[in-house]
Amino acid sequence: MLIDLGKFVEAERPHWDALEVLLKRFENNPDLLLPLDEAQRFHYLYQRSASALNKIGTFASEPELKRYLEWLVSRAYAEIHESHDRKSFNPWKWFTISFPRTFRRRWQAFQMSIALTVLGVLFGCIALAIDPEAKSVIMPFSHLGGKPSERVAQEMKDKGERLSGHKAHFSAELMTHNTKVTIFTMGLGITFGLGTILLLFYNGVILGAVAFDYIADGQLIFLLGWLLPHGVIEIPAILLGGQAGFVIAHALIGWGSRVSRRERFRIASPDIVTIMGAAAVFLIWAGIVEAFFSQYHEPVLPYGVKIAFGCAEFAALVFFLWRGGRRAA
Amino acid sequence: MRATSPSHYDSLPIRTPEGIEFSLPLAGPVSRLMALAVDLMVVGAIGKGIQMLTAPFLALSVDAGSAIQILLFFVVNFLYGILCEWLLHGQTLGKRILKLRVVDAAGLRLEPSQIVLRNLLRLVDGLPAFYLLGGFTCLLNKRMQRLGDIAAGTVVVRVPEVAQPDLDQILGSKFNSLLEHRHLCARLRQRVRPELTALALQALIRRDQLDANSRLAVFKDLAGHFRQLVTFPPEVTEAIGDEQYVRNVVEALYRK
C-alpha cells in the first residue's frame, strides 16, 4: 500500500512545524515547564509526528522524510520521557546532605577501598622491613630518598622557609595532581575494577613504606605531625575515588543484579559524580593545608598542635560522613 | 522502552514504549577525532587567554600568579567539555562544527551526571597516549562508545541535515497523461513494491547528481521495471522519454 506523499506532507507539515517551535523552546530553556494545555498539545504533536513516522516507515520508504521525522520524534521523545530532576542545584545541600547519604549507601565499596589500601600499607611495611634496599624502588621520590632523621634535622633548621615564595604554587600543584590521581582511581573502575585495585594497593604500599621508614628511624612524631593535617583528608579523598571506581566496576559486572548494564550505570552515575565532587572538595582543602600548614615543623609549629589539628579534622570527617544528612531525612 | 540491539555500526535503533521505532545515526571515529582536535585547539586558545589575563598577577606575585594559572588551566581542561555539553545540549564547539551531538543511549534527555561522568573518564580513555584506549574501545563497540560513553550511557550521533522534503519540486506540475487511465494507475499501485517506488523517487531527487549517460541508463532501467508491471496504451507513453515516464509513474503512485 502506498500513500499520497504530497497530500500527506501538506497535511502534516503544520504539526511538524509546531512541534519544532516547541522543541526549540525546550532547547533554549532546558528548565522550561509548560502549562497543562501546552503540555497536552506537545504530547499530541509528538504522538502525531510519531504516527506519521510509522506511516512513512511502513508505506512509503521515503528516506529523506523518514530521517527528518526520526530526528523530530527522537528530540520530542527525549523531552517527554526525560527523567532529569528539575530541582535547582544547591551546592550546600548537595555537599552536606546528598554526599554523606550517597557515601553511606555505597559503604561496601568504601570498605573495599580501605581494605586494599591497608593491604598495600602492610605490604610496604613488610617489604621495607625485609629489604631496606627496596626503598628507592618502592618510593621513587627524590625528597623521600634520604635518611628520615636527616630530613627532620634539615626541616627544623629551615624553619619552614624551604617553600617560602612557592607555597601557593605548591598548593595548586598538589590539588591538581591529587585530583588527577583520584579521577584515575575512579576511572580505572571501568577495567572491571582491576585498575582501581592496583592504584589503591600501590598508594598503600608507598604510604606503608614511608611510615615504616620514618618509624624505624625514630621519627614517628615528626611523621604524624607532617602527614596527619593533610593526610586525614587527602587519603580519604583518594579512597572516595576508589569507592567511585568500585561502584563503576559493580555496575559493569552486575553481580546479583537483574537489570541491564545500561540501567545499572544509569542508577550509579549520579552517585559516582556526587562522590567524585566531594572528593574534589576534600582535595582542595588538603592541598591548602599541605602547602600552608603541614610543611611547617618545630620550632615554628609544635608537633602537638599539628597532630591535634589532624585528629580534630579526622574526627570531624568521620562525624560528617556518619551523621551528615540524617536529620534532613 | 528499549534500545534494540544494533546489527550495524552506523545507527542506533530505539523502540519507545508506544512502539515507535527510530534510529539515531552514530558518529564515526574519524569525525569524533576531528571534533576532539577542534576542542583541543579551543582549549589551547583559552589557555593562551588565561596566560595573558594572569600576566599582571605574575608581575605582582610569581607564586600567586603561577598558582592561579595552574588551577585555571586544570579547571578549563576539565570543565570545558562538561560546561559545553551541558549548555549546548550535548555539543562542544568541535562537535557543533562537525555536526555531532552526545545523546543518551536510550534516546532520553542527557542528565548532568552523564555529562560529568563521560568527561571525567576522558583521562582513562586518553591512556596510554593520544586517546588510544578510547579509540580502540570505540572501534570495538557496536555503538561506537568510548569507555566514558559506556559508563555514562551515552552515544555520539550525527545531527542530520533536516530540511523538510519538497515534493512539488521533485514531481513538478506538468500534465501527466497516465492519470487519465485511472484503472491502470490503480493496478500499478496494486502491483508495485514500495522499494521500487522509493528507488524511483530517489532517482528523481538525485537526478542532478548523475552524469548524462548514467541518468539515461538508470531511468531506462526503472521505466523498464514499471512497464513490466502495467502496460499503458502506446499513445500515452510513446511521446515521452524514460525519465518523464518514471516521473509520471511516481506521481501516479504517490498522488492518488
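These figures come from a predicted structure and were not determined experimentally.

How each quantity is defined
- Residues numbered from 1 in each chain as written.
- Chains lettered and ligands numbered in written order.
- Predicted model: local features only at pLDDT ≥ 70, side-chain atom pairs only at ≥ 80, totals over all residues.
- Heavy atoms only, no water.
- Helix = DSSP H or I, 4+ residues; strand = E, 2+ residues; numbered from the N terminus.
- Rg over C-alpha atoms; globule rule 2.2 N^0.38 Å.
- Lys, Arg positive; Asp, Glu negative; His and termini not counted.
- Charge placed at Lys NZ, Arg CZ, Asp CG, Glu CD.
- Buried < 20%, exposed > 50% of the residue type's maximum accessible area, 1.4 Å probe, protein only.
- Core = buried A, V, L, I, M, F, W, Y, C linked by side-chain atoms within 4.5 Å.
- Contact = heavy atoms within 4.5 Å.
- Expected span 1.5 Å × (residues − 1).
- Pairing = 2+ DSSP bridges.
- Phe/Tyr/Trp six-rings, centres within 6.5 Å; stacked < 30°, edge-to-face > 60°.
- Lys NZ or Arg CZ within 6 Å of the ring centre and 35° of its normal.
- Axes fitted to C-alpha atoms, helices over the stretch in contact; angles between N-to-C directions.
- Parallel < 35°, antiparallel > 145°, perpendicular 65-115°, else oblique.
- Left-handed = near helix turned anticlockwise from the far one by under 90°.
- Nonpolar A, V, L, I, M, F, W, Y, C, P; charged D, E, K, R; others polar.
- Buried area = accessible area lost by both parts, 1.4 Å probe.
- Salt bridge = Lys/Arg side-chain N within 4 Å of Asp/Glu carboxyl O.

Some remarks on the overall build of chain B
Piece 1. Across its full length, chain B carries 13 helices and 5 strands.
Piece 2. Whereas a compact globule of 256 residues would reach a radius of gyration of roughly 18 Å, chain B reaches 27 Å, over 25% beyond that.
Piece 3. Along the first, second and third principal axes, the C-alpha atoms of chain B reach 95 × 40 × 30 Å.
Piece 4. Here chain B contributes 29 positively and 23 negatively charged side chains, and the mean placements of these two sets differ by 2 Å.

Considering unusual backbone geometry
Piece 1. Cis geometry marks the peptide bond from B:L127 to B:P128, where omega comes out at -15 degrees.
Piece 2. Here the phi dihedral of A:F192 falls at roughly 60 degrees; this positive angle occurs in a residue that is not glycine.
Piece 3. Turning to its location among the elements, A:F192 is positioned in the loop between α8 (167-187) and α9 (194-216).
Piece 4. Residue classification places A:F192 among the exposed residues on the basis of a relative accessible area of 53%.
Piece 5. Backbone geometry places B:Y131, a non-glycine residue, at a positive phi of 60 degrees.
Piece 6. Following the sequence through the fold, B:Y131 ends up in the loop between α5 (122-125) and α6 (132-140).
Piece 7. For B:Y131, a relative accessible area of 21% corresponds to the partly exposed category.

Things to note about the nonpolar core
Piece 1. Counting residues in each nonpolar core, the largest one holds 62 residues, and the members touching the most others are A:W16, A:L69 and B:F226.
Piece 2. Not counting chain neighbours up to four residues away, the residues in contact with A:L69 comprise A:W16, A:S49, A:A52, A:L53 and A:I56.
Piece 3. Grouped together as the second largest cluster of nonpolar side chains are 58 residues, A:I233, A:A279, B:I82 and B:L117 included.

Description of helix α5 (residues 107-130) of chain A
Residues and elements named next belong to chain A.
Piece 1. If you check α5, its first and last C-alpha atoms are 34 Å apart, about what 24 residues at 1.5 Å a residue would give, namely 34 Å.
Piece 2. Taken together, the buried positions of α5 are occupied by A109, F110, S113, L116, T117, G120, G124, A127 and L128.
Piece 3. Of the surrounding elements, those touching the buried residues of α5 are α4 (91-105), α6 (135-138), α9 and α10 (220-253).

Regarding the pairing of strand β4 (residues 100-104) of chain B
Residue and element names in this part refer to chain B.
Piece 1. Judged by how many residues are buried, β4 sits mostly within the fold: 5 of 5 residues are covered.
Piece 2. Neither face of β4 is left uncovered, since the one carrying L100, V102 and D104 and the one carrying R101 and V103 both have all their residues buried.
Piece 3. Bridging between β4 and strand β5 (residues 154-158) involves 5 bridges; their strand directions are antiparallel. The residue bridging R101 from the neighbouring strand is V157, located in β5.

Focus on the packing of aromatic side chains
Piece 1. Counted under the stated rule, the structure contains 22 aromatic pairs over all chains.
Piece 2. Judged by centre distance (6.0 Å) and plane angle (45 degrees), the rings of A:W94 and A:F95 are tilted.
Piece 3. Here the aromatic residues A:F89, A:W94, A:F95, A:F99, A:F103, A:W107, A:F110, A:F282 and A:F320 are joined through ring pairs into a cluster of three or more.
Piece 4. In this structure, A:R151 is placed above the aromatic ring of A:W226, and the distance from its NZ or CZ to the ring centre is 4.2 Å.
Piece 5. Sitting over the face of the ring of B:Y245, B:R227 holds its NZ or CZ atom 4.3 Å from the ring centroid.

Concerning the packing of α5(A) against α10(A)
All names here are of chain A.
Piece 1. Relative to each other, α5 and α10 sit at 120 degrees, their axes nearing to 8 Å. Taken as axis vectors, α5 and α10 run oblique relative to one another. The two elements α5 and α10 meet at a crossing, and its hand is right-handed. Residue-level inspection shows W107, A109, F110, M112, S113, I114, L116 and T117 of α5 in contact with α10, the latter providing P236, L239, L240, G242, Q243, F246 and V247.
Piece 2. Within the contact of α5 with α10, the residues separate by chemical class into 11 nonpolar, 4 polar and no charged.

Let's talk about the interface of chain B and chain A
Piece 1. Between chain B and chain A, the residue contacts involve 62 residues of the former and 67 residues of the latter.
Piece 2. When the two sides are added together, the surface that chain B and chain A hide from each other amounts to roughly 5800 Å², 66% of it contributed by carbon and sulfur.
Piece 3. At the surface where chain B touches chain A, the tally comes to 3 salt bridges.
Piece 4. When the shortest N-O distance is used, the salt bridge between B:E111 and A:R266 registers 3.2 Å.

Overview of the pattern of salt bridges
Piece 1. All told, the structure shown has 21 salt bridges over all chains when counted by the stated rule.
Piece 2. Among the charged side chains, a salt-bridge network with shared partners connects B:R32, B:E85, B:K95, B:R118, B:R122 and B:D149.

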